[in-house]
Amino acid sequence: DTAMYYAKSQGRNNFQFYLPAMNEVTSRQLSLEAGLKEAIERDELYLVYQPKYTLPQHKLTGFETLLRWESNTLGSISPMEFIPVAEEIGMIELIGHWVLNQACQQLSVWHQIGHTDLTIAVNLSAKQLKTDLVSIVQAALAVANLPASALELEITESSIMKNPTDAVTIFTQLKELGISLAIDDFGTGYSSLSYLKHFPVDTLKIDKSFVHDIDSKKADATITTAIIALAKSLQLEVVAEGVENHKQLSLLTDYQCDQVQGFLFNKPLTPDECDHLFFKTAQA
Ligand code: C2E
Ligand code: CA
Ligand code: CA
Ligand code: CA
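Residues numbered from 1 in each chain as written. Chains lettered and ligands numbered in written order. Predicted model: local features only at pLDDT ≥ 70, side-chain atom pairs only at ≥ 80, totals over all residues. Heavy atoms only, no water.

Q: Explain the state of the cysteines to me, please; I cannot follow it from the model alone.
A: Simply put, the disulfide is a covalent bond whose two ends are the sulfur atoms of two cysteines. Counting across every chain of the model gives zero disulfides. As a non-bridged cysteine, Cys104 has Cys274 as the owner of its nearest cysteine sulfur, 15 Å distant. Under the relative-accessibility criterion, Cys104 is labelled buried at 0%. (Disulfide = S-S within 2.5 Å. Buried < 20%, exposed > 50% of the residue type's maximum accessible area, 1.4 Å probe, protein only.)

Quick look at the structure:
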């Protein structure tokens, strides 16, 4: 947003007019920064879990963990807004660490009540791709008494590309622990595909921007089928996110996508809502 204000102000050669807007952006940024610093202590962060299902059977395989912030002062704030701020102020490692531990604890509870096949996926920021990640992951699994195979880490292509050499090293160590790795928002990162050869990844996730118009835009359908074909030829699992309607689901089923998630099945759920889902599934 700040960049846009700059562009406008330069284009019109009138800085004064846009200065109030810039101040607004800055004060929002400052409130977010201040709020985030207190968020963990004040218990304002929590996790929701979005189910993933196989195709064509629609069997529940596990959940993607999504972070939420309900601020006392600012209300509920999207991770799209606060995660970049957490990255800028150097808090994402602490927050990411918290997310990883909480998610493992939650899965451990579900395993204990008998859902031992379920897996949990956790999103990682580029800033978390450091050598200590491996021991942090190992500790989170140990504390929760979970097998490494129950954990999947999702990382975007663009995060990997910020430091590909370190990413290869860390991915290789994470794979040695036995966890799964997924490339998130696949196809949106403008990078060469050759990096796929060097990364020990298990899964490609098709971004919801491709899925959204899959039934109306030829290009989106073509990109989706190409990603599925690529995944299959590399023997990777392929998951489509953002499935909202039956048309999209039926096309993804035809294309032989392995798994789906989206509002058609469930919104991201609280742990209580997940329990309800288990109950409903057991009754069905
Ligand atoms: P993402 O990893 O690509 O997650 C998918 C986003 O799509 C989520 O938004 C999810 O709620 C939303 N979504 C799921 N199904 C549908 C659907 O059918 N239709 C539509 N329109 N949207 C759907 P959310 O929860 O707002 O998260 C946004 C982004 O924030 C995530 O994108 C991820 O990049 C980031 N994020 C969320 N939690 C974490 C976290 O714990 N750590 C890090 N580093 N990033 C996170
Ligand atoms: Ca994700
Ligand atoms: Ca996405
Ligand atoms: Ca499969």
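Read on, since the account is not over.
Q: Would you take a moment to explain the confidence of the model for the protein chain for this structure?
A: Detailed reading of the predicted coordinates is not advisable wherever pLDDT falls low. In the predicted model, the protein chain carries a mean pLDDT of 91, and the fraction of residues at 70 or more is 91%. Of the regions scoring below 50 in pLDDT, residues 1–16 engages in 12 contacts with residues more than four places distant in sequence or in other chains. Across the assembled chains, the prediction reports ipTM 0.98 with pTM 0.92. (pLDDT = per-residue confidence, 0-100. Contact = heavy atoms within 4.5 Å.)

Q: Where do I start with helix 10 (residues 246–254) in this structure?
A: Because an α-helix completes one turn every 3.6 residues, residues spaced three or four positions apart along the sequence face the same direction. Buried within helix 10 we find Gln248, Leu249 and Leu252. Projected down its long axis, helix 10 carries its buried residues within an arc of 100°, all on one side. Structural note: helix 10 exposes His246, Lys247 and Asp254 on the side pointing more than 90 degrees away from its buried face. Looking at where helix 10 begins, the residue whose side-chain oxygen comes 3.2 Å from the main-chain nitrogen of Lys247 is Asn245. Backbone geometry just downstream of helix 10 places Gln256 in the positive-phi region, at approximately 65°. (Helix = DSSP H or I, 4+ residues; strand = E, 2+ residues; numbered from the N terminus. Arc of directions from axis to C-beta. Polar contact = N/O pair within 3.5 Å; in protein donor to acceptor, adjacent residues only side chain to side chain.)

Q: Sorry if this is basic, but what is going on with the pairing of strand 2 (residues 60–71) here?
A: Consecutive side chains along a regular strand alternate between the two faces of the sheet. The element strand 2 is extensively covered by neighbouring structure, given that 10 of its 12 residues are classed as buried. Where strand 1 (residues 45–54) lies against strand 2, nine bridges are found, and the strand directions are antiparallel. Note on strand 2: the bridge partner recorded for Gln50 is Glu64. In this antiparallel pair of consecutive strands, strand 1 and strand 2, the connection spans five residues, and His58 shows a positive phi of 60°. Note that strand 2 and strand 4 (residues 119–123) share four bridges and pair parallel. Opposite Glu64, over in strand 4, you have Ala121 as the bridge partner. As judged from the three bridges shared by strand 2 and strand 3 (residues 75–77), these two strands associate in the antiparallel manner. (Pairing = 2+ DSSP bridges.)

Q: Would you mind going over the site of ligand 1 with me for this structure?
A: Close to ligand 1 lie 22 residues, the nearest being Gln50, Leu67, Arg68, Glu244 and Phe263. Within the contact set of ligand 1, an oxygen atom lies 3.3 Å away from a side-chain nitrogen or oxygen of Asp185. Expressed as a share of its isolated accessible area of 800 Å², the protein-covered part of ligand 1 is 85%. Secondary-structure elements contributing two or more residues to the shell around ligand 1 are strand 2, helix 3 (79–88) and strand 6 (180–186). In terms of residues, the shell around ligand 1 owes the most to one element, strand 2, which gives four residues. (Near = heavy atom within 4 Å. Areas by Shrake-Rupley, 256 points an atom, 1.4 Å probe, with all protein chains shown as cover.)

Q: For this particular structure, what's the right way to read the pattern of salt bridges?
A: Pairing between side chains of opposite charge can happen when the charged atoms of each approach one another. Applying the stated rule across the entire model yields 10 salt bridges. A salt bridge links Lys217 to Asp213, with the shortest nitrogen-to-oxygen separation between them at 3.0 Å. A relative accessible area of 47% places Lys217 in the partly exposed class. The closest approach of N and O atoms between Lys232 and Asp258, which form a salt bridge, is 3.4 Å. Remark: Asp258 occurs in the loop between helix 10 and strand 9 (259–260) and Lys232 occurs in helix 9 (residues 218–233); sequence separation between them is 26 residues. Shared partners join several salt bridges into a network, and the residues in it are Glu38, Arg42 and Glu44. (Salt bridge = Lys/Arg side-chain N within 4 Å of Asp/Glu carboxyl O.)

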